[in-house]
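Residue-level structural notes
Below are the chains, spelled out letter by letter.
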Amino acid sequence: MASQETFSMFLFNNRPHQNQHKLQKYPPLAGMAPSMKDDPSPSLPVENIRQTRSKDLGRGPLKVSKFLINNFSNTGMRRSPVSSKKTRHVRLITVGASHYCEKIRWALDLLEASPTSPTFYTEDAHPPAFAAISTVPASGGEASRSPMIVMDSLLPDVSQTVVYDSSDILQAIYPGLYPAKFHDEIVNFEKEMGKKLGPTVRVLVYHEILQPEFHSLASDICGYHTSFVEDQLFRRLLPRGLAKGMRKLMDINNDTSRLSLTAVKEVFSEVSNRLEGGKKQYLFGHDSITAADLAFAALSYPLLRPVEMGAMLGGSKYPDTAWPQRLNDIRDELRATPAGQHVLK
């Protein structure tokens, strides 16, 4: 049975990028170690983790899971457009809890709400490990990473387009978030956040909620907005090897968690400095939100746990006392910074 085998395939990733910003004026947070940017010895977690290949879907627990999901899951069925003006459909394949995926979900919500945008979308959400069952065939076997989008049109003679990597997707669907005056700076900032904030936030949260006493919380978060069959598979596999496999694949342990916390605090200090201690309303320019603001806020949400994201984080079933205390302490400290307040406003 699939629920009795070790299931170590996990998908929650993005492409590695080069760190290009160096901002160190804002006072460091309490307990923060010196900058690691020039220290080659620490090993921070990386964005990219092992990709699932087409042949992986035909063996072991993934083979059984694929059969069950393909036959009994109905996520990703195309929604009807909300108006006749919505002529571009986007299928968004996600790991539902992923903060990289939240970045694209947020952008698509803005586009769908805009009366001038032709875009509407359907989310095809999965728990960790199972998104590859959708992304691998959607990309013709080229990639298993999420988020991934499949763009098509309700208009005739318009070909289908597949894009993966959250930064590439955001630029493809919403170029207006990259104003010309700051385009290159915003692109570089977004890539830096993807490299330094995304993986470290992921490690910090999973290091805590993958402890056996928090498996119920982890299951509710990872199963949110997914199909019933995938939710049940994840719950049953988590204590039977999946949690161990996730830790191994993402290099989650006490050391990487400690290094990740230092890196996150450094990022929040840098962003607070860029915001001039909270005097600036946006990270770039003065007129409106850009991809930089959206990326920083989306990648930070699992640690800051904004009220608006409550349903995705277990809802009222999980008050503060039901969360790991370490995550509560980190949340409170980061919320108190100008960068944290920027996310919450």
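Use the structure listed above.
Small disclaimer: the values here were computed from a predicted structure and weren't measured. Residue numbers here run from 1 along each chain, matching the order of that chain's written sequence. Whole-chain, interface and lining totals are the exception, using all residues; otherwise, since this is a predicted model, local features are given only for residues with pLDDT of at least 70 and side-chain atom pairs are given and counted only at 80 or more. Side-chain figures throughout are based on the complete set of non-hydrogen atoms in the structure, without hydrogens or water.

1. Here we look at the pairing of strand β2 (residues 119-126)
- For every residue, the accessible area (1.4 Å probe, protein chains only) is compared with the maximum for its type, and the residue is labelled buried under 20%, exposed over 50%, or partly exposed between those bounds. Each helix is a run of H or I in the DSSP string that is no shorter than four residues. Each strand is a run of E no shorter than two, and both are numbered from the N terminus. Along β2, eight of the eight residues are buried, which leaves the element largely enclosed by surrounding structure.
- Going residue by residue along β2, you find T119, Y121, E123 and A125 tucked away on one face and F120, T122, D124 and H126 tucked away on the opposite face as well.
- Whether two strands pair comes down to DSSP finding at least two bridges between them. Taken together, the eight bridges between strand β1 (residues 88-95) and β2 define a ladder with parallel strand orientation. Paired with H89 across the bridge in β2 is F120.
- By convention a crossover is right-handed if, when the strands point away from the viewer, the path from the first strand over the helix to the second runs clockwise. Since β1 and β2 lie parallel, the crossover through helix α2 (residues 99-113) that links them has a hand, and here it is right-handed.

2. Thoughts on the side chain of K86
- One can find K86 in the loop between α1 (60-72) and β1.
- No salt bridge is formed by the buried K86; its nearest oppositely charged neighbour, E112, is found at 6.8 Å.
- A polar side-chain atom of K86 sits 2.9 Å from the main-chain carbonyl oxygen of S114. For this count, His and the chain ends are skipped, Lys and Arg are scored as positive, and Asp and Glu as negative. Here, a salt bridge means any Lys or Arg side-chain nitrogen found within 4 Å of an Asp or Glu carboxyl oxygen. Polar contacts, as counted here, are pairs of nitrogen or oxygen atoms within 3.5 Å of one another; within protein the pair requires one atom able to donate a hydrogen and one able to accept it, and residues that are adjacent in sequence qualify only if both atoms are side-chain atoms.

3. Let's talk about the sheet that holds β2
- The four strands are arranged β2-β1-β3-β4 in an open sheet whose pairing can be described as mixed. Of all the strands in the sheet, the pair left with one neighbour each is β2 and β4 (161-164). The mean inter-strand angle of the sheet, taken between neighbouring strand axes irrespective of direction, is 20 degrees.
- The pairing of strand β3 (residues 148-153) with β4 spans four bridges and is antiparallel. Residue M151 lies in a different strand from β4, and its bridge partner there is T161.
- The sheet strands contacting helix α4 (residues 166-173) are β1, β3 and β4, and the helix crosses β4 at an angle near 135 degrees. Only the stretch in contact is used when fitting a helix axis, every axis being a line fitted to C-alpha atoms; angles between N-to-C directions are given from 0 to 180 degrees. Here, residues are in contact when the closest pair of their heavy atoms is within 4.5 Å.

4. Considerations on the nonpolar core
- Residues grouped as a nonpolar core are buried Ala, Val, Leu, Ile, Met, Phe, Trp, Tyr and Cys residues, joined through side-chain atoms within 4.5 Å. With 80 residues, the main nonpolar core has I149, I173, L197, I209, F296 and L303 as its most contacted residues.
- Looking at this core, the element that brings in the most residues is helix α11 (residues 291-304), giving nine residues.
- Among all residues touching I149, those that are not within four sequence positions of it are V90, R91, L92, I104, T161, V162, V163, I169 and I173.

5. Details of the environment of R331
- Tracing the chain through its elements places R331 in helix α12 (residues 325-335).
- A relative accessible area of 7% means that R331 is categorised as buried.
- Here the alpha-carbon distance between R331 and Y301, two residues 30 residues apart in the chain, equals 9.7 Å.
- Setting aside residues no more than four positions away along its own chain, R331 makes contact with L303, L304, R305 and D320.
- Side chain to side chain, R331 and D320 meet in a polar contact 2.9 Å long.

6. Notes on helix α8 (residues 228-237)
- Burial in α8 covers these residues: V229, E230, D231, L233, F234 and L237.
- Close packing links the buried residues of α8 with α1, β2, α7 (215-223) and α9 (242-249).

7. Some details on α7
- Of all nine residues making up α7, eight are buried, and the element is well covered by its neighbours.
- When α7 is considered as a whole, its buried residues turn out to be H215, L217, A218, S219, D220, I221, C222 and G223.
- Buried residues in α7 make contact with β2, α6 (198-209), α8 and α9.
- H225, located one to two residues past α7, shows a positive phi value of around 65 degrees.

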